[in-house]
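Chain by chain, the residues:
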Amino acid sequence: MPTESASGTVALAFSGGLDTTVCVSLLKEEYGYDEVIGVTVDVGQPDYEFEEAEETAEALGVEQFVVDATEDFADLCLKAVKANADYQGYPLGTALARPVIAKAILEVAEQEGCSAVAHGCTGKGNDQLRFESVWRDSDLDVIAPVRELGLTREWENEYAAEKGLPVEGGDGGRYSIDTNLWSRSIEGSELEDPSTIPEDDIYKWTENPSGKDAELVEIAFEQGEAVAVDGEDLGKVELIEQLNEQAGAHGVGRTDMMEDRMLGLKVRENYEHPAATVLLTAHEALEGLVLTQEERSFKAQVDQEWSQKAYEGLVDAPLVSALEAFVDDTNERVTGTVTVKMEGGHCRPVSRESDYAVYSESAASFNEEDVTGGITQEDATGVAKYHGFQSRLANRVLEDAKKGEAAVTDGGNAADHGEAADSANGEAVSSESDEE
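Criteria and thresholds
- Residues numbered from 1 in each chain as written.
- Predicted model: local features only at pLDDT ≥ 70, side-chain atom pairs only at ≥ 80, totals over all residues.
- Heavy atoms only, no water.
- Helix = DSSP H or I, 4+ residues; strand = E, 2+ residues; numbered from the N terminus.
- Buried < 20%, exposed > 50% of the residue type's maximum accessible area, 1.4 Å probe, protein only.
- Polar contact = N/O pair within 3.5 Å; in protein donor to acceptor, adjacent residues only side chain to side chain.
- Contact = heavy atoms within 4.5 Å.
- Patch = residues over 30% accessible without salt bridge, like charges linked within 9 Å, V, L, I, M, F, W, Y side chains within 5 Å.
- Areas by Shrake-Rupley, 256 points an atom, 1.4 Å probe, with all protein chains shown as cover.
- Salt bridge = Lys/Arg side-chain N within 4 Å of Asp/Glu carboxyl O.
- Lys, Arg positive; Asp, Glu negative; His and termini not counted.
- Charge placed at Lys NZ, Arg CZ, Asp CG, Glu CD.
- Phe/Tyr/Trp six-rings, centres within 6.5 Å; stacked < 30°, edge-to-face > 60°.
- Lys NZ or Arg CZ within 6 Å of the ring centre and 35° of its normal.
- Pairing = 2+ DSSP bridges.
- Axes fitted to C-alpha atoms, helices over the stretch in contact; angles between N-to-C directions.
- Expected span 1.5 Å × (residues − 1).

Description of the side chain of D127
Within the secondary structure, D127 is located in helix α5 (residues 127-135). With relative accessibility at 18%, the residue D127 sits in the buried group. At 3.0 Å, the side chain of D127 and the side chain of R98 are in polar contact. Ignoring any residue separated from it by four or fewer positions in sequence, one finds D127 in contact with T94, R98 and C121.

Some details on a negative patch on the surface
On the surface, E222, D230, E232, D233, E238 and E241 cluster together into a negatively charged patch. Elements supplying a minimum of two residues to the negative patch: β12 (232-233) and α8 (236-248). Among the structural elements, E222 can be located in strand β10 (residues 215-222).

A few points about the packing of aromatic side chains
Per the stated rule, a full pass over the model turns up 6 aromatic pairs. Seen from their ring centres, Y90 and Y271 are 4.2 Å apart, and the 10° between their planes marks the pair as stacked. Placement of Y90 in strand β5 (residues 90-91) and of Y271 in strand β14 (residues 266-272) is noted, with a sequence separation of 181 residues between them. You can call Y90 buried: its relative accessible area is 4%. If you follow R130 out to its NZ or CZ, it ends over the ring of Y311, 4.9 Å from the centre. If you follow R254 out to its NZ or CZ, it ends over the ring of Y203, 3.9 Å from the centre.

Considering the sheet that holds strand β13 (residues 254-260)
Read from one edge to the other, the open sheet built from 4 strands follows the order β8-β9-β14-β13, with strand pairing classed as antiparallel. Of all strands in the sheet, those with a lone pairing partner are β8 (176-179) and β13, marking the two edges. Across this sheet, the average inter-strand angle for adjacent strands is 25°, counted without regard to direction. Bridge count between strand β9 (residues 184-187) and β14: 3 bridges; the pairing is antiparallel. Directly across from S185, in β14, lies its bridge partner Y271.

Side note on helix α9 (residues 274-290)
The first and last C-alpha atoms of α9 sit 25 Å apart over 17 residues, in line with the 24 Å expected at 1.5 Å per residue. Most of α9 is tucked away, with 15 of its 17 residues classed as buried.

Shown next, in the form of structure tokens:
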């Protein structure tokens, strides 16, 4: 429970759903704020969500601000593609949206002279941390009614019914659904049981994989950023929307997983992310063509660190800027096209082309006798002799040492054991001398 009565105006992250609808009343009744303004940030949600939010805000007598941050969000999504961003195997979506939303809400709150900002997140999820990492860099108070009052969905539904609050929209609170341009997440209710097989109707973006004919789609990249589909130049938002529709029709981009949250809780999550799956698959395929082995190996580590910070909602951390310097540098050559095949819920690259390809068909071909630049196949013989030499040497030393220990255990004297050890060491030294 709040310990002190507040006053003034609080800006609430407002979706019109159960949590934020209940928060409007609680911020006045339990916290003492004079006014609550609702801030709804557009990051690509469907139109009906804005209509429901507007209707709910009007019914509650709340002034609503709608901020269009779709382009900013699309920029971050395509930046995530350059870093091949995922978390435990699924493309980041909600995690990318939260910092964009939080910044937009904070800007409105400061413009409207608010004394606080508030969200409807619980104390068990990730979003509370993602919102507050942005807001706590300001002078405004941060309020989290659901977390601070220990509310449950059951209590919220009862409270809403008692107060006559408008929560008819959507599923009435059965599932917690988050939708944006890049992904759609579904959690809660019976889905919290990992043994429950989800009903097909939880999915809205992806059709059930079936015998539908395969479809080839060509994605063009410039410096790591997708710019065209099947030869048609598209804006960032339009490109993502088109691929969501095309890939979703083939059932591409479904994830049902156990996710480890930042607080250590393991939860069951269901996601849809058709466009993200296609773009990440195509981008990684093009990187495989143009980057060197060493660059790919090191970039995998950089990508993992970038993904972790993005999952935490810390995309403005100094480490992220440093990581992006490497990501941007390597992606300068990630220009070209990749064709992916979408079929039966799967997406895989089947063709890739680039002027920056680190590839020689003649050098790699089994139909050519020599390699290139005066290198012949026979030159690999010396490499083959050295390859694994140290491992073979180490294994031989260990084997000889074990034989010596076995001799002592079986009754051999110490002198014999010493001779065996000297022999093994001598062989090792001799081998090293011969091969240096």
